[in-house]
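Spelled out, the chains give:
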Amino acid sequence: MSQVSLLEKLIAIARRDVLTAVRYRNGFILGLLGTFAEMLAFFYLARAIGPSFRPEGVSFFAFLVVGIGFYTFLISGVQAFLSTVQEAQQTGTIEVLLTTSTPAPVLIFLSAFSAFAGKAAKLVFDLVIGLIVFRVVLPHPNLAGTAVIFLLSLAVALALGVLAASLQIALQKGSAVLWLLSSVGFLTGTLFPVNVLPLPLQWAAWLIPITHSLSGMRGALLLGQSTSQLAPEILWLSLAALLLLPTSLFILSWVLRRGRRAGTLSFY
Amino acid sequence: MYMGPVGLPISMDAVVFNSVSKVFQHRPALFNWVGRERAGSTEALRGVSLRLPVGGVLVLLGPNGSGKTTALKLISTMLIPDAGNVIVCGSDTLLDGDTVRCKVGFAMAHERTFFPRLTARENLDFFATLENVSKNERSKRVDEKLERVGLTAAADTLVMKFSTGMYQRLGVARALLKNPEVLLLDEPTRSLDPGSALHFWDFVRELPVTRTTVILATHNFQEAATVGDHVAILQRGVLVAGRPSVPGSSLDVMRAFYFQSVGEPEYAEAISAPSPQEMP
């Protein structure tokens, strides 16, 4: 039996996800229209608040586009991956997938990656609409810094996705991770700057990875901060990724083994 | 110990069960007094031991709930045994699951384990990639398997439009993608019309020629009589009898063997059936 590279497997999984998405024709088109409507709402919200409100030194609309766009990317990536796992449980496909020649943790990790790649395309679409249609100005973006923050945030989000999948397989309640992420969303600086929160809540916000992702993205993309200025966020996200990725994969392996023993892999 | 057909040397066992037991625990939800879900456990397999030589067709015959599917899932590594061990082509399913998964193909009884908005070809191409079939060979392999199960004409149809029988044949094609050393078939003709079932049995009979070992779970006497080199009877998780069989043997002989084995001789219509060999 020949070996197939991980990249080929990732492409196969992404192709499956893209084909499935575009063949839900109405859902795909409504999704694109929804993105545009969302942007329109932010645009008029920012106009209603007025140009004098410049959180972190940028226009409120640009602040919202990057904040909500990136927050939605992270949350909906976890959600999309979780839905894939739930559907696979409901159809019984998960058992078949987990008996292929591709080791289960690798397969689940690649599936998570594909789910986030799909949402990354939407994030780019959000930003392009913001830039072209609504004339968001990026004076001196630090693209290398943006890429580093993006990749580190992706690594953390992948780990959260794998943790959600583990919870789904173990307890059929992976949505608890989503609930937790959504519940603390207001602390992360998505809609308003973290520094308006009381001090204890600012400390809580500091512990949440998304806070650092948003702060880093805005710093790199909107303010053009240098890599040394982004260092605290890069360091925090690197440590979170180093801790969460192996931990989530260890938990997933344990949960799969437990599911194989209990015969509950396809319970939902 | 369950041996291969009389007169054939056993070079290597394809599948070995050593005193395998599997118990499923039923843990009721919180506030169980609201719905009164059953607590306790189900012994799906109890101390099952068998050996199957390479290249044979073993039929696991038994009623619903007898443990046939559990046995297949243990071989495929979907399940892990609670006691004993399962060895597939020399590898322990618990200690070396990755190796076992490269050698075992499993066509499951429930059909809808595909991606409904992909075509049959796209589904098989996806699974072939996961089964490490190289890019150069993938397309040819997929076409070959689709042809083998008679789905060439439907290759580019979304599988959500498939009939139950087509799903079942696609499941077999998927199980064959990796050219498995051990092929597991769980009630493979359940949804097939009689004509298709006959063709399918011919196809199963050809598999041992390629040294593929087949384990087929069924409760269909006709199927067991037609394709089995060996027949093992499971009842409530216990292997109650097993013996070599001659493919194409009489349906009455198979029926008699089954009912005598499960302790219901009044249903055994064929008096001439041989006595079952009790399992150790």
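Details of the structure are given in the entry above.
1. Some points on the overall build of chain B
Part 1: Looking only at helices and strands, chain B features 8 helices and 10 strands.
Part 2: Looking at the 280 residues of chain B, the share that counts as buried comes to 57%.
Part 3: For chain B, the share of sequence-separated contacts (at least 6 apart) that also reach a separation of at least 24 residues comes to 67%.
Part 4: A total of about 12,000 Å² of accessible surface is found on chain B, and carbon and sulfur atoms cover 53% of it.

2. Things to note about the overall build of chain A
Part 1: When you go through chain A residue by residue, the secondary structure sums to 10 helices and 0 strands.
Part 2: Restricting to contacts in chain A with at least 6 residues of sequence separation, those with at least 24 account for 80%.
Part 3: Counting every atom, chain A has about 12,600 Å² of accessible surface; 72% of that belongs to carbon and sulfur.
Part 4: Between the centroid of the 16 positive side chains of chain A and the centroid of its 8 negative side chains there is a distance of 4 Å.

3. A closer look at the pattern of salt bridges
All names here are of chain B.
Part 1: Summed over all chains, the structure comprises 18 salt bridges over all chains.
Part 2: A salt bridge links Lys22 to Asp82, with the shortest nitrogen-to-oxygen separation between them at 3.4 Å. In this pair, Lys22 is assigned in strand β1 (residues 13-26) and Asp82 in the loop between α1 (68-76) and β4 (83-88), connecting sequence segments 60 residues apart.
Part 3: A residue is classified by how much of its surface remains accessible, and Asp82, at 37% relative accessible area, is partly exposed.
Part 4: Across the pair Asp156 and Arg121 runs a salt bridge whose closest N-O atoms are separated by 3.0 Å. Residue Asp156 is located in the loop between α4 (135-148) and α5 (164-176), and its partner Arg121 is located in helix α3 (residues 120-130); the two are separated by 35 residues in the primary sequence.

4. With respect to the interface of chain A and chain B
Part 1: Every contact between the two is made by 34 residues of chain A and, on the other side, 39 residues of chain B.
Part 2: Counting the surface lost from both chain A and chain B, the interface buries some 3,300 Å², and carbon and sulfur atoms represent 57% of this.
Part 3: Here chain A is connected to chain B by 4 salt bridges.
Part 4: Between B:Arg138 and A:Glu8 there is a salt bridge, and its shortest N-O distance comes to 2.7 Å.
Part 5: The tally of links between chain A and chain B comes to 11 residue pairs in polar contact (both at pLDDT 80 or more).
Part 6: When residues of the side of chain A that touches chain B are traced back to their parent elements, those giving at least two are α1 (6-23), α4 (93-97) and α10 (227-262) of chain A.

5. Some points on the sheet that holds strand β3 (residues 57-61) of chain B
Residues and elements named next belong to chain B.
Part 1: Taking strand neighbours across the sheet as the criterion, the 6 strands line up as β6-β7-β8-β3-β9-β10 in an open arrangement whose pairing is mixed. Every interior strand has two partners, whereas the edge strands, β6 (104-107) and β10 (238-244), have only one. Between one strand and the next, the sheet's axes are offset by a mean angle of 15°, whatever the strand orientation.
Part 2: Pairing geometry for strand β9 (residues 230-235) and β10, over 6 bridges, is antiparallel. Of the residues in β10, the one forming a bridge with Gln235 is Val238.
Part 3: Across the sheet, α5 lies against β6 and β7 (182-186), angled at about 175° from β6, the strand it touches most.

6. Description of the packing of helix α6 (residues 143-171) of chain A against helix α7 (residues 175-183) of chain A
All names here are of chain A.
Part 1: Running from N to C, α6 and α7 cross one another at 135°; their axes reach a closest spacing of 7 Å. Here α6 lies oblique to α7, going by the angle between them. On the side of α6, the interface is formed by Leu160, Leu163, Ala164, Leu167 and Gln168, while α7 contributes Ser175, Ala176, Val177 and Leu181.
Part 2: Split by residue class, the contact of α6 with α7 holds 7 nonpolar, 2 polar and no charged.

7. Comments concerning the pairing of β7(B)
All names here are of chain B.
Part 1: With respect to burial, β7 is a largely interior element, 5 of its 5 residues being buried.
Part 2: Going residue by residue along β7, you find Val182, Leu184 and Asp186 tucked away on one face and Leu183 and Leu185 tucked away on the opposite face as well.
Part 3: Pairing geometry for β6 and β7, over 4 bridges, is parallel. Counterpart to Ala107 in the pairing with β7 is Leu185.

8. Quick word on the packing of α6(A) against helix α9 (residues 209-222) of chain A
Residues and elements named next belong to chain A.
Part 1: Taken N-terminus to C-terminus, the directions of α6 and α9 make an angle of 165°; their axes are 9 Å apart at the nearest point. When the axis of α6 is compared with that of α9, the two are roughly antiparallel. At the point where α6 passes α9, the crossing takes the left-handed sense. On α9, the residues that touch Gly145, Thr146, Ile149, Phe150, Ser153 and Val156 of α6 are Pro209, Ser213, Gly216, Met217, Ala220 and Leu221.

9. What to know about the side chain of B:Arg141
Part 1: Here B:Arg141 lies in helix α4.
Part 2: For B:Arg141, a relative accessible area of 7% gives the class buried.

10. Some details on the packing of aromatic side chains
All names here are of chain B.
Part 1: Under the definition given, this model contains 22 aromatic pairs over all chains.
Part 2: Between Phe115 and Phe126 the ring centres are 5.3 Å apart and the planes differ by 90°, which places this aromatic pair in the edge-to-face class. Taken as a pair, Phe115 in the loop between β6 and α3 and Phe126 in helix α3 lie far apart in primary sequence, 11 residues in all. With respect to class, Phe115 is no different from Phe126; both count as buried.

11. Here's the deal with helix α6 (residues 194-206) of chain B
Residue and element names in this part refer to chain B.
Part 1: The terminal C-alpha atoms of α6, which comprises 13 residues, lie 19 Å apart, in line with the 18 Å expected from a rise of 1.5 Å per residue.
Part 2: Every buried residue belonging to α6 is among Ala197, Phe200, Trp201, Phe203 and Val204, and all of these are buried. All buried residues of α6 project into a common sector of 160° when viewed along the axis, lining one side. Pointing more than 90 degrees away from the buried face of α6 are the exposed residues Leu198 and His199.
Part 3: Buried residues along α6 sit in contact with β3, α4, α5, β7, β8 (213-218) and α7 (221-227).

12. Quick look at helix α3 (residues 60-91) of chain A
Along an α-helix, residues three or four positions apart point the same way, because every turn accommodates 3.6 residues.
All names here are of chain A.
Part 1: When the terminal C-alpha atoms of α3 are compared, their 45 Å separation across 32 residues agrees well with the 46 Å that a helix rising 1.5 Å per residue should span.
Part 2: Taking burial as the measure, the 32 residues of α3 include 23 buried ones, the bulk of the element.
Part 3: A positive phi of about 85° marks Gly92, the residue just after α3.

13. Some thoughts on unusual backbone geometry
Residue and element names in this part refer to chain B.
Part 1: Unlike most non-glycine residues, Ser19 shows phi in positive territory, near 45°.
Part 2: Mapping Ser19 onto the fold places it in strand β1.
Part 3: Judged by relative accessible area, Ser19 falls into the partly exposed class, the value being 44%.
Part 4: One non-glycine residue, Asn132, lies in positive phi territory at about 65°.
Part 5: With respect to the helices and strands, Asn132 occurs in the loop between α3 and α4.

Conventions used here
Residues numbered from 1 in each chain as written. Chains lettered and ligands numbered in written order. Predicted model: local features only at pLDDT ≥ 70, side-chain atom pairs only at ≥ 80, totals over all residues. Heavy atoms only, no water. Helix = DSSP H or I, 4+ residues; strand = E, 2+ residues; numbered from the N terminus. Buried < 20%, exposed > 50% of the residue type's maximum accessible area, 1.4 Å probe, protein only. Contact = heavy atoms within 4.5 Å. Areas by Shrake-Rupley, 256 points an atom, 1.4 Å probe, with all protein chains shown as cover. Lys, Arg positive; Asp, Glu negative; His and termini not counted. Charge placed at Lys NZ, Arg CZ, Asp CG, Glu CD. Salt bridge = Lys/Arg side-chain N within 4 Å of Asp/Glu carboxyl O. Buried area = accessible area lost by both parts, 1.4 Å probe. Polar contact = N/O pair within 3.5 Å; in protein donor to acceptor, adjacent residues only side chain to side chain. Pairing = 2+ DSSP bridges. Axes fitted to C-alpha atoms, helices over the stretch in contact; angles between N-to-C directions. Parallel < 35°, antiparallel > 145°, perpendicular 65-115°, else oblique. Nonpolar A, V, L, I, M, F, W, Y, C, P; charged D, E, K, R; others polar. Left-handed = near helix turned anticlockwise from the far one by under 90°. Phe/Tyr/Trp six-rings, centres within 6.5 Å; stacked < 30°, edge-to-face > 60°. Expected span 1.5 Å × (residues − 1). Arc of directions from axis to C-beta.

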